[in-house]
Amino acid sequence: MGDTEGVNADPELQSFGWNSSQLRSYPFSCRQIPRLSHADPRAEAFIDNEEPVVLTDTNLVYPALKWDLDYLQENIGSGDFSVYSANTHKFLYYDEKKMANYKNFKPRSRREEMKFRQFVDLLHQTQQDESQERLYLQQTLNDTVGRKIVVDFLGFNWNWISKQQAKRGWGPLTSNLLLIGMEGNITPAHYDEQQNFFAQIKGYKRCILFPPDQFECLYPYPVHHPCDRQSQVDFENPDYERFPKFRNIVGYETVVGPGDVLYIPMYWWHHIESILNGGITITVNFWYKGAPTPKKIEYPLKAHQKVAIMRNIEKMLGEALGNPQEVGPLLNMMIKGRYDQTLT
């Protein structure tokens, strides 16, 4: 990885249609994620090593670069779309199925199913009223889309991406998620248990990534919490008393624009923001299951394998105890005073 400190420091990138005044400032330093041609052997090496890289010329979603709200409204079909609304720019993901585990949990955003036309009308209304409300459409592309969108979709560079999948023994494509957000929207830091090619179609997004070995600096919610896999730390106002190790965090960042594809490796944390005053952003994710666990485990284990072990321990304890609320106290009882000192 390069050692450039922060995207603000790179004047070359600023000729791409944005400038540093459109980026929020955070209390940690970042290195640049490399931007390379897909034909550059170094790009393949980054993906092989499960390290992030921006690919500038894959033509992965070339037919979709013409997509805007008008084109999508006319052609995307009459299916339902999940639209999240919030009175904040942060859209913290939550799993509705886990809400029963935490009776006092109150989501900071609301999900509503609506037609695409309704979403566009609501978006225009929100912008006209200069309302505090923000919207974020997040919908898996499915068989309800119209014919022109299907044609565009079939024109994606499936040849290139399928070779990437086959070369690394990844599992199947699980979904293509369409994301349409307002300027300044943020998806706070979280990690996914899948490989992701993040294809930018319209507007610019700043992406800040953290490797799996920074797990303890990011203080994820418990596995049984609705915000599982999300960081508890507010990047804009970190509470260093509760989260002291966040002071040690170092990010890798980039700004992606139309035609760029960012490889986000499985278990890498990512904080994504649509740049300020940059208009609507449109993105499509390509999510693949990771390669199956090798029959012969190599030691020492990698950081992401340890994360998977920790997740499994939490899940197993939740099942064994019959109550997710008992997992934390049991783990504390098990560790406190036993592993936090040098034993002779």
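Small disclaimer: the values here were computed from a predicted structure and weren't measured. (Residues numbered from 1 in each chain as written. Predicted model: local features only at pLDDT ≥ 70, side-chain atom pairs only at ≥ 80, totals over all residues. Heavy atoms only, no water.)

**Notes on the sheet that holds strand β14 (residues 281-288)**
Just so we agree on the cut-off: A pair of strands is labelled paired if DSSP reports no fewer than 2 bridges between them. By the criteria applied, helices consist of DSSP H or I runs no shorter than four residues and strands consist of E runs no shorter than two, each listed in order from the N terminus. Should any heavy atoms of two residues lie within 4.5 Å, those residues are counted as being in contact. Lines fitted to C-alpha atoms define the axes here, with helix axes fitted over just the stretch in contact, and angles between the N-to-C directions of these axes take values from 0 to 180 degrees.
Taken together, the 9 strands give an open sheet; going across it, the order is β2-β3-β12-β9-β14-β7-β6-β4-β5, and neighbouring strands pair in mixed fashion. Among the strands making up the open sheet, the edge pair consists of β2 (35-36) and β5 (109-114). Of the strand pairs in this sheet, strand β4 (residues 81-86) and strand β6 (residues 134-140) are connected by 4 bridges, and their pairing is antiparallel. Within β6, the position partnered with A86 by the bridge is R134. Packing of helix α5 (residues 158-167) onto the sheet brings it into contact with β3 (53-55), β7 (173-181), β9 (195-202) and β14, and relative to β14 it is tilted by some 40°.

**Let's talk about unusual backbone geometry**
Put simply, the rule reads: Relative accessible area decides the class of each residue, using a 1.4 Å probe on protein chains only: under 20% of the type maximum gives buried, over 50% gives exposed, and in between gives partly exposed.
Residue P300 is bonded to the preceding Y299 through a cis peptide linkage, with omega at 0°. Structurally, the position occupied by P300 is in the loop between β14 and α7 (303-321). Although it is not a glycine, N59 adopts a positive phi angle of roughly 55°. Note on placement: N59 falls in the loop between β3 and α2 (69-75). Since its relative accessible area comes to 47%, N59 is described here as partly exposed. In this model, R229 sits at a positive phi of 75°, which is unusual for a non-glycine residue. Mapped onto the elements, R229 comes out in the loop between α6 (215-218) and β11 (251-256). A residue is classified by how much of its surface remains accessible, and R229, at 15% relative accessible area, is buried.

**So, the packing of aromatic side chains**
For the record, the criterion: Working definition: rings of Phe, Tyr and Trp (its six-membered ring) pair if their centres are within 6.5 Å, and the pair is stacked with planes under 30 degrees apart, edge-to-face with planes over 60 apart, and tilted otherwise.
All chains considered together, the criterion is met by 28 aromatic pairs. Relative to W269, the ring of Y191 has its centre 5.0 Å away and its plane inclined at 70°; by these criteria the two rings are edge-to-face. Here the residue Y191 occupies a position in the loop between β8 (186-190) and β9, and W269 occupies one in strand β13 (residues 269-274), the gap between them amounting to 78 residues. The burial state of Y191 is the same as that of W269; both residues are buried.

**As for the environment of S231**
The criterion, for reference: Here a polar contact means two N or O atoms within 3.5 Å. Within protein one must be a hydrogen donor candidate and the other an acceptor candidate, and residues neighboring in sequence count only if both atoms are side-chain atoms.
Along the polypeptide, S231 turns up in the loop between α6 and β11. Spatially, the C-alpha atom of S231 lies 7.4 Å from that of P188, the residues being 43 residues apart in sequence. The contact partners of S231, leaving out residues within four places of it in the chain, are A189, L218, Y219, P220, Y221 and W269. Only 2.6 Å separates the side chain of S231 from the backbone oxygen of L218, close enough to count as a polar contact. Among the polar contacts made by the side chain of S231, one reaches the main-chain amide nitrogen of V233 at a distance of 3.1 Å.

**Section: empty space enclosed by the protein**
Worth spelling out the cut-off: Using a grid of 1 Å spacing that covers the protein atoms alone, one calls a set of points a cavity when a 1.4 Å probe fits there but cannot get out, and a pocket when the set is open and has protein on both sides within 12 Å along at least five of seven lines; lining residues are those with an atom within 4 Å of a point. Grid points are joined across faces, edges and corners, and a volume is the space filled by probe spheres set on the points.
Enumeration over the complete set of coordinates arrives at 1 cavity of 30 Å³ or more. Approximately 30 Å³ is the volume found for the largest cavity. Together, L92, Y94, F105, K106, P107 and R108 line the largest cavity.

Fair warning: the whole summary comes from geometry, so function is off the table for now.
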